[in-house]
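# Working through the structure, step by step
The primary structure of each chain is shown beneath.
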Amino acid sequence: APALPPTRHHFSDPAEVEALRGNLLAWYDRCKRDLPWRTLAATEPDADRRGYAVWVSEIMLQQTQVATVIDYYNRWMQKWPTLQALAQASLEEVNELWAGLGYYSRGKRLQEAARKVVSELAGHMPRTAEDLQKLLPGVGRYTAGAIASISYGQATGVVDGNVIRVLCRLRCIGADSSSPAVIDQLWDMANALVDRSRPGDFNQALMELGATVCVPKAPVCGECPVKQHCRARHRLFGKPTPVPDVEDCGVGDCPLCPPATEPWDSSLGVTNFPRKAAKKQPRVMRTATCVLERRGCRGAPEYLLVQRPSSGLLAGLWEFPSLPLSQDGQEKEREVLADHLQAWMGQPVAAKGLQFIGEVIHIFSHIHQTYVVYSLRLDGDMTLDPASCPSRWVTEEEFHASAVSTAMKKVL
């Protein structure tokens, strides 16, 4: 992205920077949440184990709330306390533990990277953000900065959604915060701002502030430890000016100021920032899903699961036999599903034998998915070719212990 010229949005006063660092770290020491990965990072003497513990937490926390991650993290670290243990696990085991956490490719890449560390890096984690990003698959700029600063004390900043929100409010950055040029400027700010003596704590403090105080809606500005440095707050309580964007920045046509077409809305206060581009509407999909059921040898019902391809959405997870449907609504879903099952099972399937159960809606980050659910009870056994499609019969208890998505749990 082309470089943007320095503006008064940047942190240019050394005294202000030092005061902000001190206030934020003092608040963090008093108010930080007690989280298992923080405890491990603070108490683990072995550098590789420390880096691994932070790495697992950062991957799990991508697009996922802290409250959801805690149980998954504790179970993961109990099962695979070291890189070496994870490298020896199977992808099936990883998927089973990850089931329900979403964004399943994260677990797969984590395991692939662990195997690379063991096989190519003599079992030792890279120590710098640059090497972490370059050598470990699935580790991007943010994750690399978090691991390097928290585990190894490298004075490098981090930029995630919480940091973006805090920085945009602190400096009244009203340009599209998702644009590459603005993101680069935010990284420059984060790197300039990070405390050199406590980089890991400072980065966690900045993220903690965004997660607990400087939240997207209804921020608790009165409790903010850096409110005196917040230009959005000053603007809220300051005297309005005829042309606030230009006067606030002092640089004409500033690429970080809010566009002239989107003026300051005093009713929104600090939540005027950050500003983002309009979200893309999720893709709409319909899928016919059939729950095939038989009576097991112990009398309990068993359900047939098939494994998804090893790449793409929900890669490697298990699901009920499913068939994507066209969006024109013209096809006869029951007949199409019966034909699909018949071709796949190698035995006749009558459309009228499929019992319509209902529809399940599941929202992925980029897909609005509707599962049209049917049920089919089988009297006898059936033989499937494992080479064409891995499959297995499971009880309800085994189903919940399998690597199945949240959507399939809704279907059942």
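Keep in mind that what you see is a predicted model, and the values were worked out from it rather than measured.

Angle between the axes and distance between the axes are the two parameters that describe a pair of packed helices. Where helix 3 (residues 47-61) contacts helix 9 (residues 141-152), the two axes come as close as 9 Å, and the packing angle between them is 140°. For the pair helix 3 and helix 9, the sense of crossing is right-handed. Between helix 3 and helix 9, the residues in contact are A47, D48, R50, G51, V54, W55, E58 and I59 and Y142, T143, A146, I147, I150, S151 and Y152, respectively. Broken down by class, the residue content of the contact of helix 3 with helix 9 amounts to nine nonpolar, three polar and three charged.

Applying the stated criterion to the full structure yields 15 salt bridges. With its nearest N and O atoms 3.1 Å apart, the salt bridge here joins R127 to D48. With R127 in the loop between helix 7 (105-120) and helix 8 (129-135) and D48 in helix 3, this pair connects stretches of sequence that are 79 residues apart. Taking relative accessible area as the criterion, D48 reaches 13% and is therefore assigned buried. Measuring nitrogen to oxygen at the nearest pair gives 3.5 Å for the salt bridge that ties E293 to R377. Linking E293 in strand 1 (residues 283-295) with R377 in strand 6 (residues 367-377), this pair joins segments that are 84 residues apart in sequence. Residue class for E293 comes out buried when judged on its relative accessible area of 10%. In this structure R377 comes out as exposed when scored by relative accessible area, which is 61%. Linked by salt bridges that have partners in common, D29, R198 and D201 make up one network.

The residues that UniProt annotates with the feature "domain: HhH-GPD" (unreviewed entry) are residues 60-212. Across residues 60-212 one finds 67% helix and 0% strand; the C-alpha atoms that close the span lie 19 Å apart.

Let us now look at the pairing of strand 6. With respect to burial, strand 6 is a largely interior element, nine of its 11 residues being buried. In this sheet, strand 6 lies alongside strand 1 in parallel orientation, the contact comprising 11 bridges. Note that in strand 6 the partner of V291 across the bridge is S375. Relative to strand 6, strand 5 (residues 355-363) is paired through eight bridges, and the arrangement is antiparallel. Looking at strand 6, one finds that I361 is bridged to T370. Between strand 5 and strand 6, which pair antiparallel one after the other, the connecting turn spans three residues.

Many analyses report the size of an interface as the accessible area lost when the parts associate. If you check the domain split of the protein chain, you get domain 1 (7-229) and domain 2 (283-410). Using C-alpha coordinates to define each centre, domain 1 is positioned 38 Å away from domain 2. At the junction of the two partners, domain 1 supplies eight residues and domain 2 supplies 16 residues. Together, the buried faces of domain 1 and domain 2 total about 810 Å²; carbon and sulfur atoms form 47% of this surface. For domain 1, the biggest contributors to the area lost against domain 2 are E92, N95 and Y104; these three give 52% of the whole. Connecting domain 1 to domain 2 are one salt bridge. Across the pair R392 and E92 runs a salt bridge, and its minimum N-O distance is 3.4 Å. For the pair domain 1 and domain 2, the interface holds three residue pairs in polar contact (both at pLDDT 80 or more). Tallied by class, the residues present in the side of domain 1 that touches domain 2 amount to three nonpolar, two polar and three charged.

Scoring rules and cut-offs
Residues numbered from 1 in each chain as written. Predicted model: local features only at pLDDT ≥ 70, side-chain atom pairs only at ≥ 80, totals over all residues. Heavy atoms only, no water. Axes fitted to C-alpha atoms, helices over the stretch in contact; angles between N-to-C directions. Helix = DSSP H or I, 4+ residues; strand = E, 2+ residues; numbered from the N terminus. Left-handed = near helix turned anticlockwise from the far one by under 90°. Contact = heavy atoms within 4.5 Å. Nonpolar A, V, L, I, M, F, W, Y, C, P; charged D, E, K, R; others polar. Salt bridge = Lys/Arg side-chain N within 4 Å of Asp/Glu carboxyl O. Buried < 20%, exposed > 50% of the residue type's maximum accessible area, 1.4 Å probe, protein only. UniProt positions renumbered as here; feature names shortened; annotations may be inferred. Pairing = 2+ DSSP bridges. Domains from an automatic or database assignment. Buried area = accessible area lost by both parts, 1.4 Å probe. Polar contact = N/O pair within 3.5 Å; in protein donor to acceptor, adjacent residues only side chain to side chain.

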